[in-house]
Amino acid sequence: APKRQFTFSILSKGIFSPSDYYIKQIDKLNEIISDHEAKELKRAENERKRKAHSLISNDDILKEKVLSLYTQSLNEYNNKNYQAAIESLHNALSIDPTNTTILIRLGSSYYTYGMYDHAKFYWKKAKLQDPTNPELLSISEFLDFGTKIN
């Protein structure tokens, strides 16, 4: 019985209360949770940055590939190897299907190769992409003996 009285007397005098113990435990747990949340936020941010960098890198790689294929097609075109130029342009177009420059060059290659319907098709696609492109204005004068691309 004396032991209980001693414990009771300590509790009753406010020297030690069970609520203080639990408050301290809750505070420690909140600190641990905060640390874990901060680490998770940092990890998520690093993952987001890594993915963004990866996407930029992939985009740059694709642009470089398109540029390489376009340059290759120009070389083939200048060497009068129109079929190889057309193949390179189709490969570039498969990577970047909305590239107006490639569409115009593909139309020009087909035109030079004597495939006027194909030329008109790609020039029309280019015109839909960029109706004010000055290169298309000059091309349209030669298409169908001077008729404009519609």
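Residues numbered from 1 in each chain as written. Predicted model: local features only at pLDDT ≥ 70, side-chain atom pairs only at ≥ 80, totals over all residues. Heavy atoms only, no water.

Undergrad: What is the right way to look at the packing of helix H3 (residues 82–95) against helix H4 (residues 100–113) in this model?
TA: For any two helices packed against each other, the geometry is given by the interaxial angle and the distance between the axes. Running from amino to carboxyl end, H3 crosses H4 at an angle of 155°, the nearest separation of the two axes being 10 Å. The orientation of H3 relative to H4 falls into the category roughly antiparallel. In terms of crossing hand, the pair formed by H3 and H4 is left-handed. Where H3 approaches H4, its residues Tyr-82, Gln-83, Ala-85, Ile-86, Leu-89, His-90, Ala-92 and Leu-93 are matched on the opposing element by Ile-102, Leu-103, Arg-105, Leu-106, Ser-109, Tyr-110, Thr-112 and Tyr-113. Within the contact of H3 with H4, the residues separate by chemical class into 11 nonpolar, four polar and one charged. (Axes fitted to C-alpha atoms, helices over the stretch in contact; angles between N-to-C directions. Helix = DSSP H or I, 4+ residues; strand = E, 2+ residues; numbered from the N terminus. Parallel < 35°, antiparallel > 145°, perpendicular 65-115°, else oblique. Left-handed = near helix turned anticlockwise from the far one by under 90°. Contact = heavy atoms within 4.5 Å. Nonpolar A, V, L, I, M, F, W, Y, C, P; charged D, E, K, R; others polar.)

Undergrad: Mind showing me how you'd approach the packing of aromatic side chains here?
TA: The description of two aromatic rings rests on the distance between their centres and on the angle between their planes. If you walk through the whole model with that rule in mind, you get six aromatic pairs. Ring plane angle 10° and centroid distance 5.7 Å describe the contact between Tyr-110 and Tyr-122, whose orientation is recorded as stacked. Taken together, the positions of Tyr-110 in helix H4 and Tyr-122 in helix H5 (residues 116–129) put the pair 12 residues apart, joining distant regions of the chain. Judged by relative accessible area, which is 8%, Tyr-110 ranks as buried. You can call Tyr-122 buried: its relative accessible area is 10%. Ring centres of Tyr-111 and Tyr-116 lie 5.0 Å apart, and the angle between their planes is 65°; on these two criteria the pair is classed as edge-to-face. We classify Tyr-111 as partly exposed; its relative accessible area is 30%. Aromatic rings pair up to connect Tyr-77, Tyr-82 and Tyr-113 into one cluster. Against the face of Tyr-77 rests Arg-105, its NZ or CZ located 5.0 Å from the ring centre. (Phe/Tyr/Trp six-rings, centres within 6.5 Å; stacked < 30°, edge-to-face > 60°. Buried < 20%, exposed > 50% of the residue type's maximum accessible area, 1.4 Å probe, protein only. Lys NZ or Arg CZ within 6 Å of the ring centre and 35° of its normal.)

Undergrad: I keep staring at a nonpolar patch on the surface and nothing clicks. Help me out?
TA: On the surface, a cluster of nonpolar side chains totalling about 340 Å² of accessible area is made up of Tyr-21, Tyr-22 and Ile-26. Counting through the fold element by element, Ile-26 comes out in helix H2 (residues 18–78). (Patch = residues over 30% accessible without salt bridge, like charges linked within 9 Å, V, L, I, M, F, W, Y side chains within 5 Å. Areas by Shrake-Rupley, 256 points an atom, 1.4 Å probe, with all protein chains shown as cover. Salt bridge = Lys/Arg side-chain N within 4 Å of Asp/Glu carboxyl O.)

Undergrad: What am I meant to see in the nonpolar core here?
TA: Soluble globular proteins tend to bury their nonpolar side chains together. Core analysis: the biggest nonpolar cluster contains 18 residues, and Leu-93, Ile-102, Ile-104, Leu-106, Tyr-110, Tyr-122 and Trp-123 have the highest contact counts within it. Taken together, the elements giving at least two residues each to this core come down to H2, H3, H4, H5 and helix H6 (134–140). Residue contributions to this core peak at five residues, all from H4. Leaving out residues up to four positions away in the same chain, Tyr-122 has contacts with His-90, Leu-93, Leu-103, Leu-106, Gly-107 and Tyr-110. (Core = buried A, V, L, I, M, F, W, Y, C linked by side-chain atoms within 4.5 Å.)

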